[in-house]
Amino acid sequence: MGGSSPCASCKLLRRRCAKDCIFAPYFPPDDPHKFAIVHKVFGASNVSKMLQELPVQQRADAVGSLVYEANARMRDPVYGCVGAISYLQNQVSQLQMQLAVAQAEILCIQMQQQEPAALPTQLDVPDEKSLLLSTSTFNNLQPYLSFASSSTVMQDPLKRESLWT
Amino acid sequence: MMNSTRCAACKYLRRRCSPDCIFSPYFPPNNPQRFLEVHRIYGASNVAKMLEKAPVNQRAEAANSIHYEAHCRIKDPVYGCAGIITLLNQQINDAQCELAKIQAEIAALNGHHADILPPYQQITDASSFANYPVEGDGAFPATHDPSFPQFYLNS
């Protein structure tokens, strides 16, 4: 970085920006807010340590995610970006339920169309014959209906039972 | 007596744990790992500042979320929690597409009963299934936010 201006980090920290400054590639001087917010939440020395522990080719992504988390924490001092995780996990669960219901519905329709004479035209018509048949239909649908509760999708990214221990 | 009742933070920092220590309600001495992790990522003074910024009745939640983020960052030093958000968004997109496909299939199978279909089964063009609305408000704040960085996807 020779004679060029110091990076945003060294400007904020009021120090000489060395040629091998670890922050310089990721915190250019034209965006002081980016480093300011990361410094406020994590601290410059912690960010430096984290970057040093990473291969060079992964540091840009690490800085991006740190900036994102720092911004989220400033916007929401209580939950940070964990609030978004909780919300999105809830959305995933709801969609899984909807998928299970839709898959069950397709199965119903397909069974109806295979044997239109044997099956009721509408499953929710409670006559004697349909009650008998709907029991066996329900048993066939059980694996689909329980799909949402035994999710293989990321219900708990860190493999813990709940968001908090 | 002072030694045995110090919170995990004050034990680690080797200092006296005062009665109004900001850490002690949230970092009990029987769970030293919890404080170690937040200290490793944020540093004790930054954690104290973050807790002070949160309303008193929400500091427990704040401490939990700070620990969760620190734990995620330790597990994934490159992407941390942001990586989890990206993956969840991906899962939501995939599930929405899958749901739209299935609902299109249902609509096709029920084609001759189109007049009695529930409201969400009105697709006639299968190629538009990706834009099919889902139940609920469908508002996923991060999914369709163009400013949200897509971690993982570009690596």
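What counts, and where the lines are drawn
Residues numbered from 1 in each chain as written. Chains lettered and ligands numbered in written order. Predicted model: local features only at pLDDT ≥ 70, side-chain atom pairs only at ≥ 80, totals over all residues. Heavy atoms only, no water. Helix = DSSP H or I, 4+ residues; strand = E, 2+ residues; numbered from the N terminus. Contact = heavy atoms within 4.5 Å. Areas by Shrake-Rupley, 256 points an atom, 1.4 Å probe, with all protein chains shown as cover. UniProt positions renumbered as here; feature names shortened; annotations may be inferred. Buried < 20%, exposed > 50% of the residue type's maximum accessible area, 1.4 Å probe, protein only. Lys, Arg positive; Asp, Glu negative; His and termini not counted. Salt bridge = Lys/Arg side-chain N within 4 Å of Asp/Glu carboxyl O. Polar contact = N/O pair within 3.5 Å; in protein donor to acceptor, adjacent residues only side chain to side chain. Domains from an automatic or database assignment. Buried area = accessible area lost by both parts, 1.4 Å probe. Nonpolar A, V, L, I, M, F, W, Y, C, P; charged D, E, K, R; others polar.

On a plain count of helices and strands, chain B comes out with five helices and zero strands. What you see in chain B, going N to C, is helices and strands ordered as α-α-α-α-α. Taking as baseline every contact in chain B between residues at least 6 positions apart, the subset at least 24 positions apart corresponds to 51%. A total of about 8,200 Å² of accessible surface is found on chain B, and carbon and sulfur atoms cover 54% of it.

A word on the UniProt feature "domain: LOB" (unreviewed entry) in chain B. Mapped onto this numbering, the UniProt entry annotates "domain: LOB" (unreviewed entry) at residues 5–106 of chain B. Across residues 5–106 of chain B one finds 69% helix and 0% strand; the C-alpha atoms that close the span lie 63 Å apart.

What follows concerns the side chain of A:Arg59. Residues and elements named next belong to chain A. Considering the arrangement of structural elements, one finds arginine 59 in helix H4 (residues 56–75). Notably, arginine 59 is buried but unbridged: the nearest opposite-charge side chain belongs to aspartate 20, and the N-O separation is 9.5 Å. Here leucine 54 takes part through its backbone oxygen, which lies 3.1 Å from a polar atom of the side chain of arginine 59. Those residues in contact with arginine 59 that lie beyond four places of it in its chain are Ile22, Tyr26, Leu51, Gln52 and Leu54.

Time to look at the domain arrangement of chain A. The assigned domain composition of chain A is domain 1 (6–73) and domain 2 (80–112). Here domain 1 of chain A and domain 2 of chain A have C-alpha centroids that lie 39 Å from each other.

Chain A puts 47 residues into the contact, and the matching count from chain B is 56 residues. At the boundary of chain A with chain B, total buried surface from both sides reaches about 4,700 Å², with 66% on carbon and sulfur atoms. It is A:Val78, A:Leu88 and A:Leu95 in chain A that bury the most area against chain B; as a group they hold 12% of the surface buried on that side. Between chain A and chain B we count two salt bridges in total. Linking B:Glu69 and A:Arg73 is a salt bridge whose minimum nitrogen-to-oxygen distance equals 3.0 Å. At the level of secondary structure, the elements contributing two or more residues to the side of chain A that touches chain B comprise helix H2 (32–41), helix H3 (44–52), H4 and helix H5 (82–114) of chain A. Here the side of chain A that touches chain B takes 18 residues from H5(A), the largest share from any one element. Classifying every residue of the side of chain A that touches chain B gives 29 nonpolar, twelve polar and six charged.

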